[in-house]
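The chain contents come next:
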Amino acid sequence: MIKIKTLEEIELMRESALIVSKTLGEIAKEIKPGVTTLQLDKIAEEFIRDQGATPGFLGLYDFPNTLCMSPNEQVVHGFPNNDPLQEGDIISVDCGALKNEFYGDHAYTFEVGEVASETKKLLQITKESLYVGIRQFRVGNRVGDVGFAIQEYTEKHSYGVVRELVGHGLGRKMHEDPEMPNYGKRGRGKKFKNGMVVAIEPMINMGTHRINHLKDGWTIKTADLKPSAHFEHNVAIVNGKPELLSTFKYIYDVLGIVSDEEDEFRQ
Ligand code: MG
Ligand code: MG
């Protein structure tokens, strides 16, 4: 069942989402060759607790850490570990926070040092596909419209859209209805209504869409071991239109990126 949020609840969810946004900004400061993902995980946990929030993933379905850290060919759900990041890596950092009984949950794929140009392009197209999807999250449309838009945009570049993992409703639970696949058919699936809040999160592979689950029970890798990118925002429908609750602004401030990509989703 889809849980519709009031405007007051949406403001609380914005607070939770922004704690995650700021946490990703803190991580952006530290990402460089030599740093380990476990060091970054500690920074994130401390920062989230300093904001009066709780790490959203820690203990959820028994996940042991604050961040999901998925480098290169790992799609999502990787564990932080003691392996140092290397020049040329990419790393998906997915973070959750719980405050005022509401979850925030969003993700960014970072470049470590200088990254191959074809990998940079994968990141750029995946991030663009996130906004292409968000644009369809409005009253009058359905779940399939978001998935269709993301799939069409990324498959044009011959990328693979992961099927087994999807975006989701967000609220008092990390994963609520509806599921938000990054593929689909126009005009199909549940109808969007004012007060819906979802996490839209394209997981896009440079090569095949196929994936493998590792024996650790969590980590997911591309079947062809080519890189995979992942970007995630939290979005509400207000006045019929998509309203962004999370922001990459704190990351961009650190990385010196100037962007107006979020402007059309602010009311
Ligand atoms: Mg996430
Ligand atoms: Mg999510």
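Residues numbered from 1 in each chain as written. Chains lettered and ligands numbered in written order. Predicted model: local features only at pLDDT ≥ 70, side-chain atom pairs only at ≥ 80, totals over all residues. Heavy atoms only, no water.

(A) Representation of the coordination of the magnesium ion (ligand 2) in the model. The magnesium ion (ligand 2) binds to the protein through Asp-105 (OD), His-168 (NE2), Glu-201 (OE) and Glu-232 (OE); the donor distances cover 2.1 to 2.2 Å. Separating the magnesium ion (ligand 2) and the magnesium ion (ligand 1) is a distance of 3.1 Å, and Asp-105 donates to both of them. Taken together, the residues His-168 in strand 6 (residues 167–169) and Glu-232 in the loop between strand 12 (228–230) and strand 13 (233–238) connect sequence positions 64 residues apart. The burial state of His-168 is the same as that of Glu-232; both residues are buried. (Donors = N, O, S within 2.8 Å, 3.2 Å for Na, K, Ca; no water. Helix = DSSP H or I, 4+ residues; strand = E, 2+ residues; numbered from the N terminus. Buried < 20%, exposed > 50% of the residue type's maximum accessible area, 1.4 Å probe, protein only.)

(B) Quick peek at the pattern of salt bridges. Inspection of every chain in the model, using the stated rule, returns 15 salt bridges. In this structure, the salt-bridge partner of Lys-221 is Glu-73, at a minimum N-O distance of 3.5 Å. You can see Lys-221 sitting in strand 11 (residues 220–222) and its partner Glu-73 sitting in the loop between strand 2 (67–71) and strand 3 (90–99), a full 148 residues away along the chain. Since its relative accessible area comes to 21%, Lys-221 is described here as partly exposed. A salt bridge links Glu-155 to Arg-163; its shortest N-O distance comes to 3.9 Å. By relative accessible area, which is 27% here, Arg-163 ends up partly exposed. What you see here is one network of salt bridges that share partners, running through Glu-9, Glu-101 and Arg-172. (Salt bridge = Lys/Arg side-chain N within 4 Å of Asp/Glu carboxyl O.)

(C) Expanded view of the coordination of the magnesium ion (ligand 1). Looking at the magnesium ion (ligand 1), one finds its protein donor set to be Asp-94 (OD), Asp-94 (OD), Asp-105 (OD) and Glu-232 (OE), positioned 2.0 to 2.4 Å from the metal centre. Look at where the donors of the magnesium ion (ligand 1) fall in the sequence and you get D-x10-D-x126-E.

(D) Region of interest: the pairing of strand 7 (residues 176–180). Taken together, the three bridges between strand 6 and strand 7 define a ladder with antiparallel strand orientation. From the neighbouring strand, His-168 faces strand 7, where its bridge partner is Glu-179. The antiparallel pairing of strand 6 with strand 7 creates a hairpin that spans six residues between the two strands. (Pairing = 2+ DSSP bridges.)

(E) Structural view of the side chain of Gln-74. Note that Gln-74 resides in the loop between strand 2 and strand 3. The contacts of Gln-74, once residues within four sequence positions are left out, are Met-69, Thr-219, Ile-220, Lys-221 and Ser-228. (Contact = heavy atoms within 4.5 Å.)

(F) Region of the structure containing the environment of Glu-111. Among the secondary structure elements, Glu-111 is positioned in strand 4 (residues 102–111). Relative accessible area serves as the criterion here: at 32%, Glu-111 is assigned to the partly exposed category. Distance from Glu-111 to Ile-91, taken between C-alpha atoms, is 6.6 Å for residues 20 residues apart in sequence. Of note is the side chain of Glu-111, whose polar atom sits 3.0 Å from the side chain of Lys-120. (Polar contact = N/O pair within 3.5 Å; in protein donor to acceptor, adjacent residues only side chain to side chain.)

(G) Seen up close, the sheet that holds strand 9 (residues 203–205). On the basis of which strands lie adjacent, the open sheet formed by three strands has the order 5-9-12 and antiparallel pairing. Looking along the sheet, the strands with just one partner apiece sit at the ends: strand 5 (160–161) and strand 12. Where strand 5 meets strand 9, two bridges bridge the pair, whose relative direction is antiparallel. From the neighbouring strand, Val-161 faces strand 9, where its bridge partner is Ile-204. Strands strand 9 and strand 12 of the sheet are contacted by helix 3 (residues 117–135), whose axis makes an angle of about 35° with strand 12. (Axes fitted to C-alpha atoms, helices over the stretch in contact; angles between N-to-C directions.)

Any functional reading would require information that these geometric values do not contain.
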